[in-house]
Amino acid sequence: MRIIRGKYGRRRFDVPSNITARPTTDFARENIFNVIENIIDLEGITALDLFAGTGAISFEFLSRGCQSVTAVEKAATQYNFIRKVAQQLQCNNFNIVRGDALKYAQTSLAKFDIIFADPPYALRNLATIPDLIFEKNLLAEGGIFVFEHGKDNDFSQHPRFVEHRHYGSVNFTIFR
């Protein structure tokens, strides 16, 4: 895993071989962060990374100046890897939660300036995640929600839809 830009830019971490996550490619991550930074200034804001996987998105947020980042990951291997990387980077503005991302979204009382969710593409309730984010009022005023999903999902008719981007087989929909 490589952190692309910012204060931790170019740092590399060896991802465990037994990881069950499907990490967002460096190419897709770099491109979506270019889009995100043209929409919202990451400096000093709060971020939530649901289905954190390797934590690459969380560490990119931290590296680019987010005030605080919360990552939610259920799998023990991924959770332990994220925790280890956070310790190596000495992140004091990072909170990792080991648990189910959807349950966290249903019960959290916090609001975030940016939310990123990268669920397993085969997740049964995947199409309901954008509605859950807005129903639970997790997004702060002026914030954005970035949703990574497979090619079979189309959210262009969603009332909060802003734009769709795809990089190879990786699709992102941005909501506001």
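Small disclaimer: the values here were computed from a predicted structure and weren't measured.

Undergrad: When you look at the overall build of the protein in this model, what are you seeing that I'm missing?
TA: Across its full length, the protein carries 5 helices and 7 strands. In the protein, the succession of helices and strands from N to C terminus is α-β-α-β-α-β-α-β-α-β-β-β. Taken against the 2.2 N^0.38 rule, which gives 16 Å for 176 residues, the C-alpha radius of gyration of the protein at 15 Å falls within 12% of a compact globule. Across its three principal directions, the C-alpha atoms of the protein cover 40 × 35 × 35 Å. Scored against the burial criterion, the 176 residues of the protein give a buried share of 52%. Restricting the contact set of the protein to residue pairs at least 6 apart, pairs at least 24 apart contribute 69%.

Undergrad: Before we go on, may I ask you to explain the pairing of strand E3 (residues 94-98) in this structure?
TA: Regular strands show a simple pattern: their side chains alternate between the two faces of the sheet. Of the pairings in the sheet, the one linking strand E2 (residues 68-73) to E3 comprises 5 bridges and is parallel in character. Within E3, the residue paired with Glu 73 across the bridge is Arg 98. Crossover E2 to E3 through helix H3 (residues 76-89) is right-handed.

Undergrad: Looking at this model, I keep getting lost on unusual backbone geometry. Mind explaining?
TA: Backbone geometry at Arg 10 places phi at a positive 75°, although glycine is not the residue there. Mapped onto the secondary structure, Arg 10 falls in the segment before helix H1 (26-39). On the basis of relative accessibility, which here comes to 71%, the residue Arg 10 falls in the exposed class. Residues other than glycine seldom take positive phi values, yet Asn 137 does so here, at roughly 55°. Structurally, Asn 137 is set in the loop between helix H5 (129-135) and strand E5 (139-149). The partly exposed category is assigned to Asn 137, whose relative accessible area is 45%.

Undergrad: Quick question: what am I supposed to make of the sheet that holds strand E1 (residues 46-50) here?
TA: What links the strands of a sheet is backbone hydrogen bonding, and the strands pair in either a parallel or an antiparallel sense. With mixed pairing, the 7 strands of this open sheet are ordered in space as E3-E2-E1-E4-E5-E7-E6. Both outer strands of the open sheet, E3 and strand E6 (161-167), are each paired with one neighbouring strand and no more. Shown here is a sheet whose adjacent strand axes are inclined to one another by a mean of 15°, direction ignored. Where E1 and E2 come together, 5 bridges link them in parallel fashion.

Undergrad: Can you walk me through helix H2 (residues 56-63) in this structure?
TA: Because each turn of an α-helix spans 3.6 residues, side chains separated by three or four positions in sequence point in the same direction. Along H2, 8 of the 8 residues are buried, which leaves the element largely enclosed by surrounding structure. For H2, the set of buried residues is Ala 56, Ile 57, Ser 58, Phe 59, Glu 60, Phe 61, Leu 62 and Ser 63. Here the buried face of H2 lies against H1, E1, E2, H3, E3 and strand E4 (112-117). Positioned one or two residues after H2, Gly 65 has a phi angle of 105°, which is positive.

Undergrad: How do you make sense of the nonpolar core when you look at a structure like this?
TA: Side chains that are nonpolar tend, in soluble globular proteins, to be buried together. Membership of the largest hydrophobic core comes to 39 residues, with the highest contact counts inside it found for Ile 32, Leu 42, Phe 59, Phe 61, Phe 94, Ile 114 and Val 146. Elements supplying a minimum of two residues to this core: H1, H2, E2, H3, E3, E4, E5 and strand E7 (170-175). Broken down by element, the residue count for this core peaks at 6 residues, all from H3. The next biggest cluster of nonpolar side chains, apart from the first, holds 22 residues, and it includes Leu 102, Ala 105, Phe 134 and Leu 139.

Undergrad: Explain the pattern of salt bridges here, please?
TA: Where charged atoms from two side chains of opposite charge come close, those side chains can pair. One pass over the structure, following the stated rule, counts 8 salt bridges. One salt bridge in this structure joins Asp 26 and Arg 2, with 3.1 Å as the shortest N-O distance. Residue Asp 26 is found in helix H1, and its partner Arg 2 is found in the segment before H1; the two are separated by 24 residues along the sequence. Judged by its relative accessible area of 27%, Asp 26 is partly exposed.

Reading the values: rules and limits
- Residues numbered from 1 in each chain as written.
- Predicted model: local features only at pLDDT ≥ 70, side-chain atom pairs only at ≥ 80, totals over all residues.
- Heavy atoms only, no water.
- Helix = DSSP H or I, 4+ residues; strand = E, 2+ residues; numbered from the N terminus.
- Rg over C-alpha atoms; globule rule 2.2 N^0.38 Å.
- Buried < 20%, exposed > 50% of the residue type's maximum accessible area, 1.4 Å probe, protein only.
- Contact = heavy atoms within 4.5 Å.
- Pairing = 2+ DSSP bridges.
- Right-handed = clockwise from strand over helix to strand, strands pointing away.
- Axes fitted to C-alpha atoms, helices over the stretch in contact; angles between N-to-C directions.
- Core = buried A, V, L, I, M, F, W, Y, C linked by side-chain atoms within 4.5 Å.
- Salt bridge = Lys/Arg side-chain N within 4 Å of Asp/Glu carboxyl O.

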